Each structure stands twice: as structure tokens, then as C-alpha cells.
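Secondary and tertiary structure notes
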Amino acid sequence: METPSQQMGSAHCLQLNPSQDRGLPEEVGQLLGDCSRRAKIKMSKITTELLLERAVPKSTRLRKIETLNLSKLQLKTGDLDPRLFSRLRHLQKLDLSDNLLDKFPNSLTLPDLRVLNCNNNQLEDVTALKQFPLLEELNYENNGYLTLNDDYKVMFLLQNLRLLNGKDITKLANHVRHVNSRKLTSKVTAHWEEFFRDQLPEKYTAEQVKSIKKKFLKSVQTNVVYGPSSLSEFTRWRVKMIAEEFLTGSLGLELNTDTETEENMDENEEESAESSKEAAEEEAKVTVTPRKRKRNCSKSRYGRKKSKSQAKTKKETVPNPRNSSQEEDDPAPDKARASNEPAEEATAEQGDEGTHKNREQLPKGQSNRRSSQLTGEQKSQEQDNGVVNLTPVRNSKGKEDFSAEPLHFLQCHSKGNSREDFKTQLWSCVFEPLLDCAPRKDPIVSCSRTVATCGGESVCLIDCETGMVLKKYKVPTEEFFSVAWTTLPMVISDSRKKSHNILAAAGRRGIVKLIHVAADFCYGEIKAHKKPIATVCFSPTQKTHLFTASYDKRIVLWDIGIPDCDYNFKASQLLVLECLSVPLRIALVPTCPEQYLLAGCEEGCFAWNIKLEKEEKSRPFEASFKFPDEEGEMSTSHRVDGLAFLNDDVVVSKSSKPGCIYLWSWSSSFDTKRKGSQRTVPAVILAELEWSTTDLSYLTLSTCPAKLHVFCGDEKGSVWIYHLSSYTTAWSSAKGKHSDKRIPPTQILKWPELRANGDHLSEVYINNVITDPTFTYLVALTSVNITAIWKKS
């Protein structure tokens, strides 16, 4: 069986059917006559003559056709004419494989259809198949946008379905139709009784009914969960259906308002809960064939012996951010190369024991909340996969310092899945953006709860609610330092485009990996630098523009291009920003992200003009910012290892001055109208935040602009949280004045005592901490290979 590691082996392995196999049959071509008639019929591929010709056996009347083969005709959805198909009253078997269908028309009227083959198309939705109630066999493999959730939808919609993609699903389908529905109905009813029953007055107006229905439908889809997280889209789809039936049937509330149509959700943005033992047993017995990728893939090669040159490279000064201040001044590397070939080593982490039969990936990490719910068999299996159960010990103070629930403490970046690995440093994490395109956008979930984390040789995608490690990518010779998301409008057929999230990951080798997460495919790499990459960042306005900041003392702007349907892409270097020292953190100015970039470096904070209209492709900095040193003197010589914008103007930076985080004004410090370069200006400081007195570097900070929060971890495993909404108005009118009194943290989230294999984990550094834009989840990355997740109460 093809494994995900094989899937990531080549960027050129997506195979299309030969054009000669997709044209109309030769016999039909003879019926077309002159060129004008050929053009006319090409506009409407399906005719009565074609149907009669493609019948098996050939027929003289449409109503006598029982088996029809319409494969390899390049058919699109618009070619399926309902008026013509309505004459196929006795059709029982239909083959539409190897075409370009993205959906089914809603009224094909095939009342006797029993067998349908839709393999190798571009289907995005299966709900229209409910118009074929007698369907017994269904195949739709190699439709890249269909997921496990679609399998469950057709099992529910088609009550007579026995075979799905060649597998007997009778027992699983019965569970979906009956046990699953019964459980969800009970949960929906209970949710109404507990939260909404008392909101409906005895005498109510139409507006009141409309309001409560809207609130109930949104609430029930958000809060009613059942089954594994991989089926969350199906669960919400069924919950909405059950809730609407409940409102109209049990309560007599007519649903006259326009309800939103069911919309597909991206694979990696999932609602979830733990599956019941009964459901797990049912799914273990019956296997649903997974969606195969649109490509042939070669194996990835592990374990290659290192050459002597590689061994020498290993001995060079390695920029571990903990001890990288002594970076050597090597000559600038040669011009970077862009490659369409994916990294052979970039593989999705899955093994025989770590993978469900339906290819849904098992977690490589384990949460404390979930461990108590595992059966003995499941615990044994997770231990075999190198999972460590980390048990929080009750705080000695007997109370929490922050109104948040500790959800999960995951050890999912271990080298070789070792349970003893508490040395791998975790460096970067970022939440996946929600897709805005209509077929993928979820009206219930206002923000993604999937976070990408990196450290050591792996990149993980984690569902913050369940603690499930949804995907894991490994490059055995790499150490990842940074990850970043962008959303690209990828071409899926002809000129049609659909938005997809792309993850960029980079680190010690100076190579950027480009991963199409929904397709489980690392489609390429950019050889950006000859020295390690400290951080990467996408432009918020130009979605293909990627900044890479490297230990070669350069920040490079790339255009990564948009991959075509074969994943061919072309990356190009647009701009090089020269630095005086190693850049550690970069941030684009929110009010002008296409013109100015800030960077915190080993020896100062600098600004560059990045406007591409300027002729210079290699540019020095325009300004260097001065900050107070320990004696209070303004100085440019300081390490800035934390940098982010709190709002459009306020910059938050952390420098080498112990115990202090600065908030300063971009617009007051830097005059954008003044021309010239390499000037030194004092940062107009608005306030100082009280922080740990440690002199340990590379404990970076982050912000939540929507909620006006600042977050920073310390050397004791604590997260310092500052809520600054009450200060921003004063800062806007202060005009450069600030109080000498430091602002204390609003909360300090203490690190719980954790036990691993019976021992306490100590000396925990919080290398990075972020929240999602709505401040629902807080994720902290540590120096001891632990990803910690809290949920705000």
C-alpha cells in the first residue's frame, strides 16, 4: 500500500490521462460531420447518439439502456444534461470515471441506478448523490477534495449502499445511520433543554423565533461533539440536520428563515471529541478506502551516509539560538536556487502501528486529559509509538493563576519517537488561517484551532481542542527553527481556482520546505541560504511573498509562485536586505506592509524600505533604533530577540536589558517622509513592561492585536500575560511621554509540575508562546520537547 512518505517523494508525479484517451470515440467522431458540427457538439459532449453508442451493449433506445460507460470524455458538470438523462429510466450501472466533474447536478433523475463509478474526477461534494436512493455500489477514489467526512455522509444518505470504493461498509454504515444518529439526537435535545428551553417565552413573536433558532443552530454545532476529530465536519453536518428536524418536528417551529447551505471544511480545521469504545470497535472492523493522491510517488530515501563534506559541515559553528551569538562572518553565499523537486527527506510521519487502516493519522503526542479515557489496548499501542503520558501535579498553592484550563502537554517532536527525549528544543508555532472560499469556510468556527509547531527534525500540526497530532513531517537531517502560513489560489481545473493553505518550514539547512497540508504533500523546496534560517514570514498582502532571515546576515524576499495542478512552481528572488548582524525576528509594518520591514537582530533593531518599485535589489537598512541600556543611556548595541506589533503603531520589543519589554511608537520614531539611509534614531518609548530579570536570550514574545494582549515566557516555565487595552488611548495622546513606572503583568500563568515516567520535569524554558486571534487557545513551546496548550475559560 502506498504510504504518505512515498507520496512526498516527487514533485512531478501527478499523472494526467493521455489526451488521446480523453477525446471522443472514433465512431462518434464519424457522426459529427463537418467542422462546424464538430464544434457545436464539442460544446455539448453528451448527445443521444453518444449515449446509444456507449451503452453496454449498444442500444437503439435510451429507455432500454441498463449499463452506460461515459468514462474518459473530459466531461464537466455542465455536460450532464438532466433532460437527456431523465430518459434513462432503466439505467442501473453508470461509469463516469476519468472525467472533470466537480459536482453532480441535483436532478439527473436516474430512479433505478444501482452502481456508480466516479473515480478520477474533481468532486468536491457528495450530498447530491442522495438523489440515487437505490445505489448499492459507489466508487469515487482519486477525487482529491473528498475526505473521510464525505464517506460518512454517503453512508448516511444512501440507505442501500453496501460497497464504497470496493469495501464492504454494511456494518459501519448501520452504525452511522442508527447508533451515531441516536447519540447525536440525544445530545441535541439535551443541549436545547439545558441552554435554550427557558429562552423561548410562552407567547413569542416571529423575530424571537428567528433569533433563538439562529443562536441554537450555531451553538449546537459548536458544542455538540461525538466521535473522533477526523469526523468533526460530518458530525456538525448531522447535528445541524438533526437540530433543524428537532425545531420543526418536536417544537413546531417552522424554519422559514434562510439557513446556510452545508459547506465543506478544510481537513485540518476540525471539531472533535473522543470516540466511544463502540464506535472505535466498529471502525476497526470495517475499512473505508482513503482518498488517493493525484500523483504517482517514489519512495523517500532515509539513512543516507553522510559524506566527508557533510561531516565537516557538522563541525562548523552551529546556530543553535541558545549559543549563536558567536556566528562566523562567512562570505555571502552564492545566488540561491529554487527547485521544483521536493525534499526527498520530507515525509509524513506514519508507520504501520501509527496509522489507522483508513489512513487517518494517529497522534505522536498525548494529552493529559485524554490519557484517562484510553482503553488498555489503546494505551499499549500509544506506548509502542513512543508516546509519553505527562501528568500535571496539583499546584502547591491550590489555585490557578490564570483563568484557563490546561488541556494538553504533548511530547510530539521526539527524535525517533523516543520517550526519553526531553532535550529537543521547540522554537516556532503559528495558527493555521481559516480559508475564506465558500466551499471551505465553516460558518460556526470563527478561528482555526489547528496550530503548526516546529522543533528538532519535525513539523507537527496539532488540534488544540483534542490534542491530536493531525500530521507530522520529518526531515532527519534538519532542525526546524520557523514555520509560516499563507493561502494561495491554486488552479484545480481549467481556469478554476480554489484557496488552499500552504505551510513554509525552514531551519538549520537554509532550505524552505513548501507543504500543501490538505494534500499531505511537500511539493517543493527553495534553497534560500547557505547558512541556517532563523525565521520566515509571509506578506499579509502579497500572498506569494516570503521573507527569510538567515544567519548569513541577510533577509531575502522571495516570490514562491503558485503551483499548478502538477505542483510545478517557480520561485524567484526579489530583494536582499543586508544586515550588520544576525536577524532574529522580523515584522512587517501593519500600515505599510509592502514598504517597511522591522528586524530585531543580534546587535540592534533596524528598519528597511522594501518597496519593490525601487531599483536596488540589495539594500542596506534605512534606520537603526536606539534604546536605553542598563545605565539608562541610549544605545544601538543590544540584542533584540522579541519583536511584534500590538496594533498599527505600537511595537513591542524585548532586548538584552534584563527584566524589561519596551512598547514604542513606530510613527513617532521613524519619519517615513524623510529620505536617506542608515540614520540612527531613538525609539519613542511609550511604556515598559515588567518581566523576568533573567539574562537568558531567545525567549521570544508575541501579541494578540485583536485583544490587545502581549505574551512572553520566561526561564521558569511561566507565561507573562499583559492586557493593555486600557493604556492604548493614553499612548496615542502622550506624544512621546511615558511613565517611568513599569506595567506589571495582568496574569502570570504558572508552569504546572509535570511527571514523565514518574520523574518531575524541571528547568523548563518557554521559548515561544502564541494565541489564536480570538484568544481561545494559548500554546507554549518549551526547551524540554513539550508543547503545552491551555484553553481560556
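Our subject is the structure that appears above.
My aim in this report is to walk through the structure given alongside it, one point at a time.

Rules and cut-offs
- Residues numbered from 1 in each chain as written.
- Predicted model: local features only at pLDDT ≥ 70, side-chain atom pairs only at ≥ 80, totals over all residues.
- Heavy atoms only, no water.
- Helix = DSSP H or I, 4+ residues; strand = E, 2+ residues; numbered from the N terminus.
- Buried < 20%, exposed > 50% of the residue type's maximum accessible area, 1.4 Å probe, protein only.
- Contact = heavy atoms within 4.5 Å.
- Areas by Shrake-Rupley, 256 points an atom, 1.4 Å probe, with all protein chains shown as cover.
- Pairing = 2+ DSSP bridges.
- Axes fitted to C-alpha atoms, helices over the stretch in contact; angles between N-to-C directions.
- Parallel < 35°, antiparallel > 145°, perpendicular 65-115°, else oblique.
- Patch = residues over 30% accessible without salt bridge, like charges linked within 9 Å, V, L, I, M, F, W, Y side chains within 5 Å.
- Salt bridge = Lys/Arg side-chain N within 4 Å of Asp/Glu carboxyl O.
- Lys, Arg positive; Asp, Glu negative; His and termini not counted.
- Charge placed at Lys NZ, Arg CZ, Asp CG, Glu CD.
- Phe/Tyr/Trp six-rings, centres within 6.5 Å; stacked < 30°, edge-to-face > 60°.
- Lys NZ or Arg CZ within 6 Å of the ring centre and 35° of its normal.
- Polar contact = N/O pair within 3.5 Å; in protein donor to acceptor, adjacent residues only side chain to side chain.
- Left-handed = near helix turned anticlockwise from the far one by under 90°.
- Nonpolar A, V, L, I, M, F, W, Y, C, P; charged D, E, K, R; others polar.

The next subject is the overall build of the chain. Along the chain, the regular secondary structure elements total 16 helices and 42 strands. Here the chain holds 793 residues, and 57% of them are scored as buried. Here the analysis covers contacts within the chain between residues at least 6 apart in sequence; of these, 62% occur between residues at least 24 apart. Surface exposure of the chain reaches about 35,000 Å², of which carbon and sulfur atoms provide 46%.

Moving on, we get to the sheet that holds strand E20 (residues 545–550). With mixed pairing, five strands are arranged side by side in an open sheet as E19-E20-E21-E22-E26. Edge positions in the sheet fall to strand E19 (533–538) and strand E26 (618–619), since each of these pairs with one other strand and no more.

Here the focus is the packing of helix H7 (residues 148–157) against helix H8 (residues 170–195). Interaxial distance between H7 and H8 falls to 9 Å at its minimum, and their mutual angle equals 80°. With respect to their mutual orientation, H7 and H8 come out roughly perpendicular. Packed against H7, whose contacting residues are Tyr-152, Met-155 and Phe-156, the element H8 presents Leu-172, Ala-173, Val-176, Arg-177 and Ser-181 at the interface.

Our focus in this paragraph is the pairing of strand E17 (residues 511–516). Along E17, six of the six residues are buried, which leaves the element largely enclosed by surrounding structure. A two-sided burial pattern is seen for E17, the buried positions comprising Ile-511, Lys-513 and Ile-515 on one face and Val-512, Leu-514 and His-516 on the other. Examined bridge by bridge, strand E16 (residues 496–507) and E17 share five bridges and lie antiparallel to one another. Paired with Ala-504 across the bridge in E17 is Leu-514.

Take a negative patch on the surface next. Side chains of Glu-630, Glu-631, Glu-633 and Asp-695 sit close together on the surface and give a patch of like negative charge. You can see Glu-630 is positioned in the loop between strand E27 (623–628) and strand E28 (634–635).

Right, let's talk about the sheet that holds strand E36 (residues 719–723) for a bit. Read from one edge to the other, the open sheet built from four strands follows the order E34-E35-E36-E37, with strand pairing classed as antiparallel. Two strands bound the open sheet, and with one partner strand each, they are strand E34 (701–704) and strand E37 (747–749). On average, each strand axis in the sheet is tilted by 20° relative to the strand beside it, whichever way the strands run. Pairing of E34 with strand E35 (residues 709–713), which is carried by four bridges, proceeds in the antiparallel orientation. Looking at the pairing, Thr-703 lines up with Val-710 of E35.

What describes a pair of aromatic rings is the distance from one ring centre to the other and the angle between the planes of the rings. A complete count under the given rule lists 26 aromatic pairs for this structure. A network of ring pairs unites the aromatic residues Tyr-596, Phe-625, Phe-627, Tyr-662, Trp-664, Trp-666 and Phe-670 as a single cluster. Of note, Arg-238 hangs over the ring of Phe-156, and the distance from its end group to the ring centre comes to 3.8 Å.

With an omega dihedral of -5°, the bond running from Val-56 to Pro-57 counts as a cis peptide bond. Turning to its location among the elements, Pro-57 is positioned in the loop between helix H5 (48–54) and strand E1 (67–69). If you check the backbone angles, Asn-142 has positive phi at about 60° while not being a glycine. Structurally, the position occupied by Asn-142 is in the loop between strand E4 (137–139) and H7.

Mapped onto the fold, Thr-703 is located in strand E34. Take Thr-703: its relative accessible area is 17%, and that puts it in the buried class. Engagement of the side chain of Thr-703 in a polar contact is seen with the backbone oxygen of Phe-645, the distance being 2.8 Å. What Thr-703 contacts, discounting residues up to four positions off in sequence, is Ala-644, Phe-645, Leu-646, Val-652, His-709, Val-710 and Phe-711.

Right, let's talk about the packing of H8 against helix H9 (residues 206–223) for a bit. Between H8 and H9, the shortest axis-to-axis distance is 10 Å and the interhelical angle comes to 130°. One finds that H8 runs oblique with respect to H9. Seen from above, H8 lies across H9 with right-handed handedness. Here H8 contributes Val-188, His-191 and Trp-192 to the contact with H9, which in turn contributes Ile-212, Phe-216, Ser-219, Val-220 and Asn-223. Residue composition of the contact of H8 with H9, grouped by class: five nonpolar, three polar and no charged.

Once that is clear, we can look at the pairing of strand E30 (residues 650–655). The buried fraction of E30 amounts to six of the six residues, a majority that puts the element mostly inside the structure. The pairing of strand E29 (residues 640–645) with E30 spans five bridges and is classified as antiparallel. Following the sheet pairing, Phe-645 is matched in E30 by Val-651. Hairpin connection of E29 to E30: four residues between the antiparallel strands. With five bridges connecting them, E30 and strand E31 (residues 660–665) associate as antiparallel partners. By the bridge assignment for E31, Lys-654 is matched with Ile-661.

Attention now moves to the pattern of salt bridges. Counting across every chain of the model gives 20 salt bridges. Across the salt bridge formed by Glu-53 and Lys-58, the nearest N and O atoms sit 2.8 Å from each other. Using a relative accessible area of 57% as the deciding quantity, one classes Lys-58 as exposed. Two residues, Arg-114 and Glu-136, come together in a salt bridge whose shortest N-O distance is 3.8 Å. Within this pair, whereas Arg-114 is found in the loop between strand E2 (93–95) and strand E3 (115–117), its partner Glu-136 is found in the loop between E3 and E4, the two being separated by 22 residues in sequence. Via salt bridges that share partners, Asp-112, Arg-114, Glu-136, Glu-137 and Arg-162 belong to a single interconnected network.

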